[in-house]
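# A closer look at the structure
The lines below spell out each chain.
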Amino acid sequence: MYKKVVATMDKILFLEEKARFIRAETLKLHKLAQETRIASSLSPIEIFVALYYGNILQYNPKNQNDDTRDRFIISKGHGSISMYPLLADLDFFDKKELKNICQEGTFLGAIPDPIIPGYETINGSLGHGLGVGVGMSVALKIQHKKQNIIVLTGDGELNEGSNWEAIMFAPQHQLDNLTLIVDYNKVSMLDFSKNIIDLTSLNEKFKAFNWEVYEIEDGHNIKEVYDTLNNAINSRNQKPKVVIANTIKGKGVPFLETHSLSHVLSVKPEDVDSIVLELENGK
């Protein structure tokens, strides 16, 4: 179960194609539901694709509570609308449900809910996902189980003090079944992250707390994302692991990629079509 997977060229091309597909489908959902947080949902797409389509994450759509599954906690839940088309594509739920996003009677809201098939948990206010993950890691250790716990946070989310309680606790208890992925897109809700709380150097902060640190220089290079996540998650050196993924908020939508307020901005429905066309043409 924990043998390293070799990234062949065919696999990388497949993952790149899936990333373009998920980005296009996410934009189509945003066209249907303008209230969705599109910029935050575009930055972690390659992370999601590598974990699921790259078979790094162990999951079972036919039995979502399978005891042998890895646990993936998306702490930045609002920024994961891109999980909807991915989960539908992997048969966690019917693809027809996507067109009902944000409509009455659907389970697909603008902010994900734990009733969505494939979501392990949603943790309310930002800053709680890592603590939940640490608790799961401890439980699995006590039970002598080998499953992985993977937690995804945003960088702005790390401003929450509750994260640092978990960051201190995890290495003391040698939780090497735990991997934190930071979607380091450098834009918070109302400004660039550095203008609110500057996290530089995030690598050194985690090293100071005795975490095993990995960095992805380009969080949209699917080979680098795949290889780094695969190595980190499968490492067992009696330390928790953190993968700092340098991403671009709003990746694929030029005006969002550089805007300090991208978190709260929408893409006009008439603009979505041209962006999706480029993605579907492999650009």
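First things first, this report covers the structure right here in the doc.

Calculation criteria
- Residues numbered from 1 in each chain as written.
- Predicted model: local features only at pLDDT ≥ 70, side-chain atom pairs only at ≥ 80, totals over all residues.
- Heavy atoms only, no water.
- Salt bridge = Lys/Arg side-chain N within 4 Å of Asp/Glu carboxyl O.
- Helix = DSSP H or I, 4+ residues; strand = E, 2+ residues; numbered from the N terminus.
- Buried < 20%, exposed > 50% of the residue type's maximum accessible area, 1.4 Å probe, protein only.
- Core = buried A, V, L, I, M, F, W, Y, C linked by side-chain atoms within 4.5 Å.
- Contact = heavy atoms within 4.5 Å.
- Polar contact = N/O pair within 3.5 Å; in protein donor to acceptor, adjacent residues only side chain to side chain.
- Pairing = 2+ DSSP bridges.
- Axes fitted to C-alpha atoms, helices over the stretch in contact; angles between N-to-C directions.
- Right-handed = clockwise from strand over helix to strand, strands pointing away.
- Phe/Tyr/Trp six-rings, centres within 6.5 Å; stacked < 30°, edge-to-face > 60°.
- Lys NZ or Arg CZ within 6 Å of the ring centre and 35° of its normal.

Two side chains carrying opposite charge are able to pair once their charged atoms lie near each other. All chains considered together, the criterion is met by 14 salt bridges. Note that E17 and R20 form a salt bridge whose closest N and O atoms lie 2.8 Å from each other. In this pair, E17 and R20 both sit in helix α1 (residues 9-32), 3 residues apart, roughly one turn of the helix. Using a relative accessible area of 44% as the deciding quantity, one classes E17 as partly exposed. Classification of R20 by relative accessible area gives partly exposed; the value is 24%. R71 is the salt-bridge partner of D67, the closest N and O atoms lying 3.8 Å from each other. By relative accessible area, which is 39% here, D67 ends up partly exposed. Note on R71: relative accessible area 10%, which makes it buried.

With that out of the way, let us pick up the nonpolar core. Among the nonpolar cores identified, the biggest contains 57 residues, and L51 and L229 are the most heavily contacted of them. In this structure, L51 is in contact with I56, L57, F72, I181, L229 and I233, ignoring residues within four places of it in sequence. Ranked by size, the runner-up nonpolar core spans 22 residues in total, among them I149, W164, A166 and A170.

Counting through the fold element by element, T36 comes out in the loop between α1 and α2 (38-42). The buried category is assigned to T36, whose relative accessible area is 3%. A distance of 2.9 Å separates the side chain of T36 from the side chain of H30, its partner in a polar contact. Residues contacting T36, with those up to four places away along its chain left out, are H30, I81, I101, C102 and A110.

Now for the sheet that holds strand β5 (residues 241-246). Across the sheet, 5 strands lie side by side as β1-β2-β3-β5-β4; this open sheet has parallel pairing. Two strands in the sheet have a free side with no partner beyond their single neighbour: β1 (71-74) and β4 (212-216). Within the sheet, the average angular offset between the axes of one strand and its neighbour, ignoring direction, is 15°. Against the sheet, helix α5 (residues 129-142) makes contact with β1, β2 (149-154) and β3 (178-184), and its axis sits at roughly 170° relative to β2, the strand it touches most. Across the face of the sheet, helix α8 (residues 222-234) comes into contact with β2, β3, β4 and β5 while running at roughly 170° to β4.

Its location among the elements puts A50 in helix α3 (residues 45-52). In the structure, A50 is positioned 130 residues away from L180 in sequence and 15 Å away in space, judged by C-alpha atoms. Among all residues touching A50, those that are not within four sequence positions of it are N55, I56, I222, V225, Y226 and L229.

Our focus in this paragraph is the pairing of β3. Judged by how many residues are buried, β3 sits mostly within the fold: 7 of 7 residues are covered. Two elements, β2 and β3, share 6 bridges in a ladder whose sense is parallel. Opposite L152, over in β3, you have I181 as the bridge partner. A crossover connection joins β2 to the parallel β3 through helix α6 (residues 161-172); in handedness this β-α-β unit is right-handed. Pairing of β3 with β5, which is carried by 6 bridges, proceeds in the parallel orientation. Across the sheet, the residue bridging to D183 is A245, located in β5.

The next subject is the packing of aromatic side chains. Scanning the entire structure with this criterion turns up 10 aromatic pairs. One aromatic cluster is present, built from ring pairs that chain together F48, Y52, Y59, F72 and F92. Across from the ring centre of F21, 5.3 Å away, lies the NZ or CZ of K18, which sits over that ring. Over the aromatic face of Y184 sits the side chain of K186, whose NZ or CZ is 4.2 Å from the ring centroid.

Any link to function would need more than the numbers given here.
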